[in-house]
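Report on the structure
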2 protein chains.
Amino acid sequence: MALEKHGKAIDLSHHLSDLSRARGTSPLKGLIKYVTKPGTISLAGGMPHPSYFPYADISANALASDNFALEPTRPDSSVSWFWKLFGAGSSKEKIMPITIPKCPSQADDINLAVSLQYVYKPAYSDWTTLVQTGNTDGWSRALQTLCNPGELILTEEWTYPSALANSQPFNIFPVPIAMDSEGMRSDDLRKVLSEWDETARGGKRPHVMYTVPVGQNPSGATMGLERKKEIYDICVEFDIIIVEDDPYYFLQEGQYKPKSERSSQSAHKDPGDFIANLVPSYLKVDYQGRVIRLDTFSKTIAPGSRLGFFTCNPRFAERLERHGETTTQAPCGFGQSLITQLLKSWGYEGYTRWLHGLAVQYTGRRDYIIDCFAEEFHLRSSIGTTGIWNGLEVYDLYAKPKRNASGLEKFDFGPKLISFVPPTSGMFIWLKINFRTHPSFKEGDEEPLETQLFIKLAEGGVLVAPGWFFAATDNVLDSGEGHVRISFSNVDFDALKKAVGIFGTVLRDFFKE
Amino acid sequence: MALEKHGKAIDLSHHLSDLSRARGTSPLKGLIKYVTKPGTISLAGGMPHPSYFPYADISANALASDNFALEPTRPDSSVSWFWKLFGAGSSKEKIMPITIPKCPSQADDINLAVSLQYVYKPAYSDWTTLVQTGNTDGWSRALQTLCNPGELILTEEWTYPSALANSQPFNIFPVPIAMDSEGMRSDDLRKVLSEWDETARGGKRPHVMYTVPVGQNPSGATMGLERKKEIYDICVEFDIIIVEDDPYYFLQEGQYKPKSERSSQSAHKDPGDFIANLVPSYLKVDYQGRVIRLDTFSKTIAPGSRLGFFTCNPRFAERLERHGETTTQAPCGFGQSLITQLLKSWGYEGYTRWLHGLAVQYTGRRDYIIDCFAEEFHLRSSIGTTGIWNGLEVYDLYAKPKRNASGLEKFDFGPKLISFVPPTSGMFIWLKINFRTHPSFKEGDEEPLETQLFIKLAEGGVLVAPGWFFAATDNVLDSGEGHVRISFSNVDFDALKKAVGIFGTVLRDFFKE
């Protein structure tokens, strides 16, 4: 693919929905020159005087950007344990006080756009950024900006449920594209688009794709640059807009290695290397302006931030902004100022150091939970031959541990219950449950063993996310292959270990029935 | 009207829109008992561990609830001047530090619902509250919950532009109801509904009303209890849902009195009296659950709060919540915690004291700007005979001041340029400009003198909100009677005075042309 870098975005305004066009333009836009005239006294707005805001200043004890060492936290001496026992301000935390005065002494907003140039500069010149209130809002606005009711959209065959929940009311439904270890498959995408049959499909060929390319939800798959180029080229050919929802982008963890092969040395010590080693965003190959990228602070600062931003071409940004003006307005000012002040205090280097520290922490958590599974079950690896893991190193969990209680090696591992590919990014492990070995399983059975297992696990004290919840359509469900999505992001290490133990007990019991 | 108080809401679910019905129910709702089971380890979500949030705590120097005296700030010794000169923490401000730790030591959320019982308890029993991200979001969600595309809605003939801007994309347009000093007129509402002609009106009779009953935007009108009862009864008769957008509710200022008649004594010294003397909300008369009330902290805490709440029946609340889950999710956690902690620190008494102080401040600002107009122009009062001010004491501004530069009384006041009714609530004065006395005015003229005046004012250094911006439909526009909306909420007293001076100079010059 020849990248025509740094030309302007091409005209893609034919993708705008009727709803988006009908938003009109801001009626005061023509008068904007008066609004911005220096020295003008404005009696036009309906804003209170700032002296009536009941805060003189807001402060926070922020954490230093190097709060987390670049070694994974050891489960037996974890920061999170200290944190839990002694609360904030424990001796393990590096504190950096920040304050946001009511009257800023100077306007020196951090320029996200400039900072981002280091991270994922688009391959065209006139891109822009726009704040939103988190990626669910971002996708909801992108959807209404691009799609008319009754249209179909392209998604991974397993995807983020809320992305479907906010398109469904508009009678907009997904066309699932098959996945492999890198997420969406380019060959299946081409097949679906080139063989499109309006009558059989019940609608026009989609012109919008929703995709989570890094640490995909729920599969954990991460897409490399080559696959992104392939998919982008297909999207150019079939005139498709890509909405890239990338909340887990900075949680890239690298390959899982068994405990015995793991070096205590961290792979990337230098923050510059950390950024340089991240798989590039779709923006990197976007020379036409057909990518709307959604970034959020939900996974790197806190979900309650409700703050994120679009990166896209200016024509789409103008529509997205107008949508925001008439619904959420700007994101919360408290959140914006606390995050802006934090980023200013950290600086670009500090921010990337923080992200690097987080990625190392998540790597440690990912490794720990897989280690726990390897202890609880007998774990063997094999090369996948079908479906989403074809050709990949797949980890299989057999019912019985390799050693019995007296420590003696065993050779009867029982049936293969679970398969998974260790994720290289994100927060999730996507476990495939082999219900075909279940005593009461019948091919084509309507009885949802997956739901039964979910309930048994919950009754045993472990809550997982049931696989059906993530199915783009019912067609991707297979009663012989259930799924559960397990998150290793949130609970403490001791609870992770305990949960895997319960998981083993419940699963072995379930398969005995 | 016989109020059947404290019965349950009646079934109004036939008002739900197709879009709202299509949102379905939360797919995990049936499994909620497992989610809430004590002791369960959750691997289900995708939330980071709180130790990964880069804040140990958040603090603020909040203002004490009695920061503002219950006397209006004097323009010549204003807190806002001190604030401007010395910034936050000036000796005039009463500071109350608050802190939000990362790990709360106990769960003791302030119960808004309980506090609100004192303020505006609905006349049925099973009402509920739900947070939203400000009233523009609230109305946008209520609209999509209640209306199908192509429907018509009832509004005041002049109304909040963003309320129309977010219904227009759905092909939902307003049916304007005539107004008087209390806002929407009940007689015109009955006339419009009882004489409804689908063909002539281009659609079915509306089943949703959007109204701003206190300090109405832009007219400043405030509706008393009797009028609300009349309108509510009509809404029962014609099965209409009332969406009550009430951002200015606590800024009730009472009647304007000319400077000479004004007592230095504040009317209400006791916070209990302050609340008791507020005009009641529509909720007070809502015995069926057909009111969706929108409250916001935008005007009483800060617009950047992006935090407000619905009060409505549980059936509507469930749909509004589902809409939120798939778009904005919860309001920003930083904002929620800073406002919650403030309200907890103030307590209910403190909060009402703060609101009382604010209302007194706005009363002082309202009085001051009208005093300025009375000095800049010659002001006479008359009784309105037509239109929205029929029967009311109307203030008329004549071109020339009552005294000339040498202080001598004059009797030629020139033409009557402006009429207005001093608002009793809110932030706005709605000035009617008498373009019929303009030299170049012709009846039915398409030439927009209002826009010309807007530009002259802006060029002179004063920005106002042009009247056409608030017209529910073009039919309410009259080239002989223009409007401008003036806000007295935001600029300092000296700027208010200066702006009125510029206003006088520009207006006299404009009418000389």
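Here the structure is a predicted model, which is why all the values come from computation and not from measurement. (Residues numbered from 1 in each chain as written. Chains lettered and ligands numbered in written order. Predicted model: local features only at pLDDT ≥ 70, side-chain atom pairs only at ≥ 80, totals over all residues. Heavy atoms only, no water.)

Another point: the domain arrangement of chain A. Residues and elements named next belong to chain A. According to the domain assignment, chain A contains domain 1 (109–246 + 281–331) and domain 2 (377–512). Each of domain 1 and domain 2 was reduced to a C-alpha centroid, and the two centroids are 30 Å apart. Contacts between the two partners involve 21 residues from domain 1 and, on the opposite side, 20 residues from domain 2. For the pairing of domain 1 and domain 2, the buried interface totals around 1700 Å² over both sides, and the portion due to carbon and sulfur atoms is 68%. Looking only at domain 1, the three residues that lose the most surface to domain 2 are W158, P161 and P218, adding up to 35% of its buried area. The tally of links between domain 1 and domain 2 comes to 0 salt bridges. For the pair domain 1 and domain 2, the interface holds 4 residue pairs in polar contact (both at pLDDT 80 or more). Listing elements by their share of the side of domain 1 that touches domain 2, those giving two or more residues are β5 (152–156), α6 (161–165), β6 (173–177) and β7 (179–180). Tallied by class, residues from the side of domain 1 that touches domain 2 come to 8 nonpolar, 9 polar and 4 charged. (Domains from an automatic or database assignment. Contact = heavy atoms within 4.5 Å. Buried area = accessible area lost by both parts, 1.4 Å probe. Salt bridge = Lys/Arg side-chain N within 4 Å of Asp/Glu carboxyl O. Polar contact = N/O pair within 3.5 Å; in protein donor to acceptor, adjacent residues only side chain to side chain. Helix = DSSP H or I, 4+ residues; strand = E, 2+ residues; numbered from the N terminus. Nonpolar A, V, L, I, M, F, W, Y, C, P; charged D, E, K, R; others polar.)

Time to look at the relation of the copies chain B and chain A. For the pair chain B and chain A, the relating rotation is 180°, the translation along its axis is 0.0 Å, and the fit reaches an RMSD of 0.0 Å. In short, the pair behaves as if placed about a two-fold rotation axis. Nearest to the rotation axis, the C-alpha of S59 of chain B is located 2.4 Å from it, this being the minimum over chain B. Here 100% of the interface residues in chain B have copies in chain A that are interface residues too; the copies meet face to matching face. (Least-squares fit on C-alpha atoms with pLDDT ≥ 70 in both.)

All names here are of chain A. Pairing is antiparallel in the open sheet, where 6 strands are placed in the order β13-β14-β15-β16-β19-β18. One side of each edge strand has no neighbouring strand; the edge strands of this open sheet are β13 (378–383) and β18 (465–466). Relative to strand β16 (residues 428–434), strand β15 (residues 416–420) runs antiparallel, the two being bridged by 2 bridges. Residue pairing for β16: S419 is matched across the bridge by K432. Relative to β16, helix α12 (residues 333–376) is tilted by about 25°, and along the sheet it contacts β13, β14 (393–398), β15, β16 and β19 (481–487). (Pairing = 2+ DSSP bridges. Axes fitted to C-alpha atoms, helices over the stretch in contact; angles between N-to-C directions.)

Let us look at the sheet that holds strand β18 (residues 465–466) of chain B. Note: strands within a sheet are paired through backbone hydrogen bonds, in either parallel or antiparallel orientation. An order of β13-β14-β15-β16-β19-β18 (chain B) is seen for the 6 strands of this open sheet, with the pairing classed as antiparallel. Among the strands making up the open sheet, the edge pair consists of β13 (378–383) and β18 of chain B.

Time to look at helix α5 (residues 135–146) of chain A. Residues and elements named next belong to chain A. For α5, with 12 residues, the first-to-last C-alpha span of 16 Å sits near the 16 Å given by 1.5 Å per residue. The element α5 is extensively covered by neighbouring structure, given that 12 of its 12 residues are classed as buried. Three or more residues of α5 are buried, namely N135, T136, D137, G138, W139, S140, R141, A142, L143, Q144, T145 and L146. (Expected span 1.5 Å × (residues − 1). Buried < 20%, exposed > 50% of the residue type's maximum accessible area, 1.4 Å probe, protein only.)

Further remarks concern the packing of helix α13 (residues 449–460) of chain B against helix α14 (residues 493–512) of chain B. Angle between the axes and distance between the axes: these two values describe a pair of packed helices. Residues and elements named next belong to chain B. Between α13 and α14, the least distance of the axes is 10 Å, while the angle of their chain directions is 135°. One element, α13, and the other, α14, form an angle in the oblique class. Here the hand of the crossing between α13 and α14 comes out right-handed. Facing L449, Q452, L453, K456, L457 and G460 of α13, the residues of α14 in contact are I502, F503, V506, L507 and F510. Broken down by class, the residue content of the contact of α13 with α14 amounts to 8 nonpolar, 2 polar and 1 charged. (Parallel < 35°, antiparallel > 145°, perpendicular 65-115°, else oblique. Left-handed = near helix turned anticlockwise from the far one by under 90°.)

Take the packing of helix α7 (residues 186–194) of chain B against helix α9 (residues 225–237) of chain B next. All names here are of chain B. In the contact formed by α7 and α9, the axes pass within 9 Å of each other and the chain directions differ by 10°. Judged on the interaxial angle alone, α9 and α7 are roughly parallel. Handedness of the α7/α9 crossing: right-handed. Listed contacts from α9 to S186, L189, R190 and L193 of α7 are R227, E230, I231, I234 and E237. A class-by-class count of the residues in the contact of α7 with α9 yields 4 nonpolar, 1 polar and 4 charged.

Looking now at the side chain of T222 of chain A. Residue and element names in this part refer to chain A. Relative to the helices and strands, T222 is located in the loop between β9 (208–211) and α9 (225–237). Among the polar contacts made by the side chain of T222, one reaches the main-chain amide nitrogen of G215 at a distance of 3.0 Å. A distance of 2.8 Å separates a polar atom in the side chain of T222 from a polar atom in the side chain of S425. In contact with T222, not counting residues within four places along its chain, are S181, E182, P213, V214, G215, V279, T424 and S425.

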